Protein chains: 2
Amino acid sequence: MEGIHLLGEWYDCAADTPEMTHSASLRALCVRLAQASSMTVVGDSFHQFEPQGVTGTVLLAESHLAIHTWPEHGFVTIDVYVCNYTTDNTAKAERLFRAMQDAMRPQRMKFQAIHRGGGDA
Amino acid sequence: MEGIHLLGEWYDCAADTPEMTHSASLRALCVRLAQASSMTVVGDSFHQFEPQGVTGTVLLAESHLAIHTWPEHGFVTIDVYVCNYTTDNTAKAERLFRAMQDAMRPQRMKFQAIHRGGGDA
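Residues numbered from 1 in each chain as written. Chains lettered and ligands numbered in written order. Predicted model: local features only at pLDDT ≥ 70, side-chain atom pairs only at ≥ 80, totals over all residues.

Colleague: Whenever I open this one, the relation of the copies chain B and chain A confuses me. Can you help?
Modeller: Here two copies of a chain appear, and what relates them is a rotation about an axis with a shift along it. For these two chains of identical sequence, chain B goes onto chain A by a turn of 180° and a shift of 0.0 Å along the axis, with RMSD 0.0 Å. Expressed as a symmetry operation, the mapping of one chain copy onto the other fits a two-fold axis. By C-alpha distance to the rotation axis, the residue of chain B lying nearest is S45 of chain B, at 2.9 Å. The overlap is high: 100% of the interface residues of chain B also sit at the interface in chain A, so the same surface is used on both sides. (Least-squares fit on C-alpha atoms with pLDDT ≥ 70 in both. Contact = placed C-beta atoms within 7 Å.)

Colleague: Is there a simple way to think about the interface of chain B and chain A in this case?
Modeller: A common measure of how large an interface is: the accessible area buried when the components associate. Each partner contributes to the interface: chain B provides 29 residues, whereas chain A provides 29 residues. Among the residues forming the side of chain B that touches chain A, the class breakdown is eleven nonpolar, 14 polar and four charged. (Nonpolar A, V, L, I, M, F, W, Y, C, P; charged D, E, K, R; others polar.)

Colleague: Sorry if this is basic, but what is going on with helix 2 (residues 23-36) of chain A here?
Modeller: The periodicity of an α-helix, 3.6 residues per turn, causes residues three or four places apart in sequence to face the same way. Residues and elements named next belong to chain A. Here helix 2 is 14 residues long and its end C-alpha atoms lie 20 Å apart, about the 20 Å a rise of 1.5 Å per residue gives. Among the residues of helix 2, S23, L26, C30, L33 and A34 are the ones counted as buried. For helix 2, the buried positions fall inside an angular range of 110° around the axis, keeping them on one side. In helix 2, the exposed positions that point more than 90 degrees away from the buried face belong to A24 and A36. Buried-residue contacts for helix 2 involve helix 1 (18-21), strand 2 (41-48), strand 3 (54-60), strand 4 (63-70) and helix 3 (90-104). At the C-terminal side of helix 2, S38 shows a positive phi close to 65°. (Helix = DSSP H or I, 4+ residues; strand = E, 2+ residues; numbered from the N terminus. Expected span 1.5 Å × (residues − 1). Buried ≥ 20, exposed ≤ 12 C-beta atoms within 10 Å, placed from the backbone. Arc of directions from axis to C-beta.)

Colleague: Looking at this structure, I do not really get the packing of helix 2 of chain A against helix 3 of chain A. What am I missing?
Modeller: Helix packing geometry: the angle between the two helix axes and the distance between the axes. Residue and element names in this part refer to chain A. Contact geometry for helix 2 and helix 3: axes closest at 9 Å, N-to-C directions at 140°. When the axis of helix 2 is compared with that of helix 3, the two are oblique. With respect to the hand of their crossing, helix 2 and helix 3 are arranged in right-handed fashion. In this structure, helix 2 contributes L29, L33, A34 and A36 to the contact, and helix 3 contributes L96, A99, M100 and A103. (Axes fitted to C-alpha atoms, helices over the stretch in contact; angles between N-to-C directions. Parallel < 35°, antiparallel > 145°, perpendicular 65-115°, else oblique. Left-handed = near helix turned anticlockwise from the far one by under 90°.)

So, in structure tokens, the structure goes:
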């Protein structure tokens, strides 16, 4: 049950965009880009923090996307995790991750790709 | 904006429990244990796969929990990510992770703890 988990910390993102500040806009972006990356969306949940900031997840048949924004710091963390159960979804995950990055436009970033699973399961 | 992200791959879990097979049971467990770990739940989404398996996330004021079950393999992946913005939530994250592990009872496991963020944000 191998999979790939992409983790990003994005600094100096454009802080005043609707996607950074409003849950409905960020949700629409995440769902649209997941579908554009040939992922199958099976659920989602987004929460608006006051005075600002959004936390959200999109459930995928392939696993999940999770994102947290701190507009006051121009900071975003993002996870795209896909399991490669019946097919290798790595390319889809990388496509979604890059599309989200292009949308949020960080000036600096940290990135990790973690291989998960394997073994007997 | 530092944080800690705990990733688990749990093998040989009890495969026929309601929490492994049914989204409503797994959701109830995750929400209950998050609250018992002094986390603040702000949303959730769980999806039931057919013929089996569950994918779900719980949104936390502290960040998120994500879990995926494959009952046919006794396999679970779990993420508990907390940001340590105003307070250090590491102990809460570790408590939630351990409580979930005690509930799902894996016989073998892989574990990683990843420090996220830092820098200027």
